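# Examination of the molecular architecture
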Amino acid sequence: MSIRHDWYQSDAKVVVTVLLKNAKEKNYKVTIESKHLNMTADGYELDLRLYAPINVERSFYKDYPSKVEITLAKQAGIRWESLETKTASVAPIAPPPIHKKNWDSLAKEVEKKEEEEAQSEEALQRLFKKIYSSSSPEVQKAMNKSFSESGGTVLSTNWNEVSKQQVEVKPPEGTEFKKWDEI
């Protein structure tokens, strides 16, 4: 007799469902042991070596008109990879260890990076101010025109080049430039 069975699990239990119509009429019998489950009926046998040990006292079964439902109480709240063990020596897989992070040290690292970036940005601003203030009026015009026409993506000091035409937008590699009204 070919009868299907299926199973599902929660943290506390494993439920095995055997699709067997009128199980009482077929003289079914269920034997539940710590690492073994056996169910027989007229012409049918289900014999399983369980993936992990169970609590026999809290395990039970019940028959319905179309199935027999066997509830196995887990001893440990671990997730079973399968209903049956593949070899006799397979042990349940323990959950991975919890790694604790030192959030205070991570926050300090982030603050340090932000501080370094701010200092480098301030240094860059000082450099541009120095170049601008010590430049000729032509260079200052070139810097103003190139920066404003390019949307802040180009800063040129060559007035001969900048004065001839509008400065093209040249965003950094890997980025795309959009005007504020296109967003």
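This write-up is about the structure you can find in this document.

Rules used in this analysis
Residues numbered from 1 in each chain as written. Predicted model: local features only at pLDDT ≥ 70, side-chain atom pairs only at ≥ 80, totals over all residues. Heavy atoms only, no water. Helix = DSSP H or I, 4+ residues; strand = E, 2+ residues; numbered from the N terminus. Rg over C-alpha atoms; globule rule 2.2 N^0.38 Å. Buried < 20%, exposed > 50% of the residue type's maximum accessible area, 1.4 Å probe, protein only. Contact = heavy atoms within 4.5 Å. Areas by Shrake-Rupley, 256 points an atom, 1.4 Å probe, with all protein chains shown as cover. Salt bridge = Lys/Arg side-chain N within 4 Å of Asp/Glu carboxyl O. Phe/Tyr/Trp six-rings, centres within 6.5 Å; stacked < 30°, edge-to-face > 60°. Lys NZ or Arg CZ within 6 Å of the ring centre and 35° of its normal.

A few words now on the overall build of the chain. Secondary structure summary: the chain contains three helices and seven strands in total. Reading the chain from its N end, one meets helices and strands in the order β-β-β-β-β-β-β-α-α-α. In terms of overall size, the chain is more extended than a compact globule, its C-alpha atoms giving a radius of gyration of 37 Å where 183 residues would be expected to give roughly 16 Å. Along the first, second and third principal axes, the C-alpha set of the chain runs to 105 × 40 × 25 Å. Per-residue burial for the chain yields a buried fraction of 27% across its 183 residues. Expressed as a percentage of contacts within the chain between residues at least 6 apart in sequence, the contacts between residues at least 24 apart total 45%. Put simply, the chain shows about 13,800 Å² of open surface, and 51% of that area lies on carbon and sulfur atoms.

Within the structure shown, the criterion is met by three salt bridges. The shortest N-O distance in the salt bridge between Glu69 and Lys67 comes to 3.5 Å. With a closest N to O distance of 2.9 Å, Lys145 and Glu149 form a salt bridge. Note that Lys145 and Glu149 are positioned in helix α2 (residues 137–149) at a spacing of four residues, about one turn of the helix.

Moving on: the side chain of Thr17. Relative to the assigned elements, Thr17 resides in strand β2 (residues 13–18). When neighbours within four sequence positions are excluded, Thr17 is seen to be in contact with Arg4, His5, Asp6, Lys67, Val68 and Glu69.

A word on unusual backbone geometry. The general pattern is negative phi for most residues beyond glycine and trans for most peptide bonds. In this structure, Asn22 is a non-glycine residue whose phi angle is positive, near 50°. With respect to the helices and strands, Asn22 occurs in the loop between β2 and β3 (29–33). Positive phi, close to 55°, is recorded for Asn27, a residue that is not glycine.

Once that is clear, we can look at the environment of Ala23. Residue placement: Ala23 occurs in the loop between β2 and β3. A relative accessible area of 2% places Ala23 in the buried class. Remark: the alpha-carbon pair of Ala23 and Asp63, spanning 40 residues in sequence, is separated by 6.8 Å. Not counting the four nearest positions on each side in its chain, Ala23 is found in contact with Tyr28, Asp63 and Val68.

For the rest of this paragraph, the subject is the environment of Leu19. Topologically, Leu19 is positioned in the loop between β2 and β3. Owing to a relative accessible area of 39%, Leu19 belongs among the partly exposed residues under this scheme. Along the backbone, Leu19 and Asp181 are 162 residues apart, and their C-alpha atoms lie at a distance of 65 Å. Beyond its immediate chain neighbours, meaning those up to four positions away, Leu19 contacts Ile3, Arg4, Ser66 and Lys67.

Next up on the list: the packing of aromatic side chains. With the rule as written, the count across this model stands at two aromatic pairs. With centroids separated by 6.1 Å and ring planes inclined at 85°, the aromatic side chains of Tyr28 and Tyr61 adopt a geometry described as edge-to-face. Placement of the pair is Tyr28 in the loop between β2 and β3 and Tyr61 in strand β6 (residues 54–63), with a sequence separation of 33 residues. On the numbers, 6.1 Å between centres and 45° between planes, the contact of Tyr51 with Trp80 is tilted. Linking Tyr51 in the loop between β5 (44–49) and β6 with Trp80 in the loop between β7 (68–74) and α1 (103–133), this pair joins segments that are 29 residues apart in sequence. As far as the burial class goes, Tyr51 and Trp80 line up, both buried. Residue placement shows Lys67 over the ring face of Tyr64; its charged tip is 5.4 Å from the ring centre. Lying across the ring of Trp159, Lys141 places its NZ or CZ 4.8 Å from the centre.

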